[in-house]
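Survey of secondary and tertiary structure
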Amino acid sequence: MTVDLVVMGLGHVGLPLARAAVSAGLATAGYDVSGTVVSGLAEGRSHVGGVCDSEVAAMLDAGFRATADPAVLDGAQTVVICVPTGLTPEGLPDLSAVQDASRVVAARLRTGMLVVLESTSYPGTTEDVVRPLLEHGSGLRAGEDFHLAYSPQRIDPGNEIWDVRNTPKVVSGCTALCAKYATAFYGRFVDHLVLARGTREAEMAKLLENTYRYVNIALVDEVALFCHQAGIDVWDVLHCAASKPFGFAPFSPGPGVGGHCIPVDPRYLAARAESQGFPFRMLAAAHEVLTHMPRHVVDRALSLLTENRGRPEGARALLLGVTYKADVADVRESPARPVAAGLLATGVDVFYHDPYAADFSVDDRSLPRATDLREALGEADVAILLQHHACYARETLGRARCAVLDTRGKAAGSRVTLL
Ligand SMILES: NC(=O)c1ccc[n+]([C@@H]2O[C@H](COP(=O)([O-])OP(=O)(O)OC[C@H]3O[C@@H](n4cnc5c(N)ncnc54)[C@H](O)[C@@H]3O)[C@@H](O)[C@H]2O)c1
């Protein structure tokens, strides 16, 4: 059976994309190298927050199938690559999954096919990395025999308003004709498309979007550090500044940034700039502030413990919310890890509460999990609110008998200390 679309990489980006395409009536298949992902989906189980099991079941009913067999690419009209783009142990862009996926496509490429890269990467990836692999592996030419495009994903985990269909999508092609094919494809299930001048502009636009968040979060974090030192209430400062109806976009301080995008994507930009002899000073400064924030949280918690018990060693610290984002089941790059590691290194016993994380480990050490919030607050010497999940009601935190260090500015009460 041939399909309209094969989505390569069925993770946080690929699965919602496949769901949107299936809903629009496209004959869609998914290709993933993970046997666990493929078998889970085949059994109607979703491994991605925001896509529920019943939606996977509906996709299967509509003809969707997931496979680890590259033969699924044979005869596909369009292939969209949504594989991970992480960092190497040295902190450099790791494009191995994009390269592997490109080689798999190259072996099955045929005249007239549209290939789109959606993975986030530095400007030049589509033209300088993907294109040569596709052309050498297939003997076909992009822009002449097949169409090659780049269209970054803007999925916002946990966002119930903006989804694949109603979020404007940037589209670009290696040639004007490539862009035309890509626009026609996305136009079948995305309401509003924005045409970029070329693939480099689209790649750079995605990096700018995430770098903008990165730098602005670092800015409010540093404002919070200064306000703490100067005895100024940063949350009131933010409340006042955010009342300006123009020229100010509000960001909130916190324990540091996490997830697979915000801490990673600016590294792609910095590494690319460095390789071209361009020192990206804003990124270096933001990186320094953001990597310091977990340490700041640890120091504030240790001071509270010292104030209340004389010494922090042997105290019990409860981490509330260990995922990287509120009400999202994803612990990748979570700042909860360096916070826990810093407390453990000082001899504090650390346990956690998080309805979204069944287990959580730090340096291969699994942290004890509490499932009853009130009970856990009763057992702790200090509770540290890291992510404001909906279950952390203001009143519950305000009534806690232990000290509460609130890094999100959400709690109030005599025992609550704000970041
Ligand atoms: N998660 C987000 O919120 C988000 C938002 C925008 C952009 N992005 C970008 O989208 C891309 C994908 O991110 P994600 O969060 O969906 O990753 P993910 O880890 O959730 O999913 C990636 C999937 O790709 C599969 N995979 C790995 N190598 C493969 C290969 N060679 N061939 C086929 N499948 C392969 C993995 O098994 C996994 O199922 C990244 O570049 C990321 O930066 C992510």
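Residues numbered from 1 in each chain as written. Predicted model: local features only at pLDDT ≥ 70, side-chain atom pairs only at ≥ 80, totals over all residues. Heavy atoms only, no water.

**Quick look at helix 10 (residues 281-309)**
To keep things clear, this is the line we draw: Here a helix means four or more residues in a row that DSSP labels H or I, a strand means two or more in a row labelled E, and each is numbered from the N terminus. The span expected for a helix works out to 1.5 Å for each residue beyond the first. What the bend at a residue measures is the angle between two axes, fitted to the seven residues ending there and to the seven starting there.
Here helix 10 contains 29 residues, and its C-alpha end-to-end distance of 42 Å stays within 8% of the 42 Å for a straight helix at 1.5 Å per residue. The sharpest bend along helix 10 reaches about 35° and sits at Met-293, with the proline Pro-294 one to four residues further on. Where helix 10 terminates, the next one or two residues include Gly-310, which has phi positive at roughly 95°.

**A word on the domain arrangement of the protein**
Stated precisely, the cut-off is as follows: Residue ranges for the domains trace back to a domain assignment, done automatically or taken from a database. Note on contacts: a residue pair is in contact if any heavy atoms of the two residues lie within 4.5 Å. What gets called buried area is simply the loss in accessible area from a 1.4 Å probe that two parts show on being joined, summed for both.
With domains assigned, the protein is organised as domain 1 (5-197) and domain 2 (234-418). When each unit is reduced to the centre of its C-alpha atoms, the spacing between domain 1 and domain 2 is 33 Å. Taken residue by residue, the interface counts 18 residues in domain 1 and 12 residues in domain 2. Across the domain 1/domain 2 interface, buried area totals approximately 1200 Å², and carbon plus sulfur atoms make up 59% of it.

**Notes on the side chain of Ser-121**
Quick note on the threshold: With a 1.4 Å probe rolled over the protein chains alone, any residue whose accessible area is under 20% of its type maximum counts as buried; one over 50% counts as exposed, and the rest are partly exposed. Throughout this description, a polar contact denotes any pair of N or O atoms lying within 3.5 Å of each other; where both atoms belong to protein, one of them has to be capable of donating a hydrogen while the other can accept it, and for residues adjacent in sequence the pair is counted only when both atoms sit in side chains.
Mapped onto the elements, Ser-121 comes out in the loop between strand 7 (114-117) and helix 5 (125-138). In this structure Ser-121 comes out as buried when scored by relative accessible area, which is 1%. A polar contact of 2.7 Å, which involves the side chain of Ser-121, links it to the side chain of Thr-125. With near-sequence residues (within four places) excluded, Ser-121 lies in contact with Leu-95, Tyr-150, Glu-203, Leu-207 and Tyr-268.

**Quick word on empty space enclosed by the protein**
For the record, the criterion: Definitions used for this entry: grid spacing 1 Å over protein atoms alone; cavity, a set of points where a 1.4 Å probe fits but cannot get out; pocket, an open set with protein on both sides within 12 Å along at least 5 of 7 lines; lining residue, one with an atom within 4 Å of a point. Grid points are joined across faces, edges and corners, and a volume is the space filled by probe spheres set on the points. Each residue receives one of three labels: charged for Asp, Glu, Lys and Arg, nonpolar for Ala, Val, Leu, Ile, Met, Phe, Trp, Tyr, Cys and Pro, and polar for the others, Gly being one of them.
The final tally for this structure, using the stated rule, is 1 cavity of 30 Å³ or more. Of the volumes computed, that of the largest cavity is approximately 80 Å³. Considering only residue class, the lining of the largest cavity consists of 4 nonpolar, 2 polar and 3 charged.

**Points about the nonpolar core**
Put simply, the rule reads: The term nonpolar core refers to a set of buried residues drawn from Ala, Val, Leu, Ile, Met, Phe, Trp, Tyr and Cys, joined through side-chain atoms within 4.5 Å.
Among the nonpolar cores identified, the biggest contains 86 residues, and Val-6, Met-8, Leu-134, Leu-319, Leu-343, Leu-367 and Ile-384 are the most heavily contacted of them. When neighbours within four sequence positions are excluded, Leu-343 is seen to be in contact with Val-298, Ala-301, Leu-302, Ala-317, Leu-319, Val-348, Val-350 and Ile-384. Within the second largest apolar cluster, 30 residues are counted, among which are Ala-18, Ala-20, Val-164 and Phe-189.

**Digging into the pattern of salt bridges**
Pairing between side chains of opposite charge can happen when their charged atoms approach one another. Formally: Here, a salt bridge means any Lys or Arg side-chain nitrogen found within 4 Å of an Asp or Glu carboxyl oxygen.
Counted under the stated rule, the structure contains 19 salt bridges. The partner of Asp-128 in a salt bridge is Arg-200, and the shortest N-O contact between them spans 2.8 Å. Separated by 72 residues along the polypeptide, Asp-128 in helix 5 and Arg-200 in helix 7 (residues 199-230) bring together distant segments of the chain. Since its relative accessible area comes to 41%, Asp-128 is described here as partly exposed. Owing to a relative accessible area of 37%, Arg-200 belongs among the partly exposed residues under this scheme. With its nearest N and O atoms 3.1 Å apart, the salt bridge here joins Arg-332 to Asp-330. Within the structure, one salt-bridge network assembled from shared partners comprises Glu-127, Arg-131, Glu-135 and Arg-141.

**Points about the UniProt feature "domain: UDP-glucose/GDP-mannose dehydrogenase C-terminal" (unreviewed entry) in the protein**
This is how it is decided: UniProt positions are given in the numbering used here, feature names are shortened, and annotations may be inferred rather than shown by experiment.
Following the UniProt record, one finds the feature "domain: UDP-glucose/GDP-mannose dehydrogenase C-terminal" (unreviewed entry) at residues 318-413. Split by type, residues 318-413 is 23% helix and 21% strand. Its first and last C-alpha atoms lie 18 Å apart.

**Let's talk about the site of the ligand**
Put simply, the rule reads: To be near a molecule or strand, a residue needs just one of its heavy atoms within 4 Å of it. Areas reported as accessible are Shrake-Rupley estimates using a 1.4 Å probe. Residue values count occlusion only from the protein chains shown.
Contacts to the ligand come from 25 residues, most closely from His-12, Val-13, Asp-32, Thr-85 and Thr-120. A distance of 2.8 Å is found between an oxygen atom of the ligand and a backbone nitrogen or oxygen belonging to Val-13. Between the ligand and the protein, one listed contact pairs an oxygen atom with a side-chain N or O atom of Asp-32 at 2.6 Å. Coverage of the ligand by the protein chains reaches 89% of its 830 Å² of free accessible surface. Here the shell around the ligand gets 3 residues from one element, more than from any other, and that element is helix 4 (residues 96-108). Partitioning the shell around the ligand into residue classes produces 13 nonpolar, 8 polar and 4 charged.

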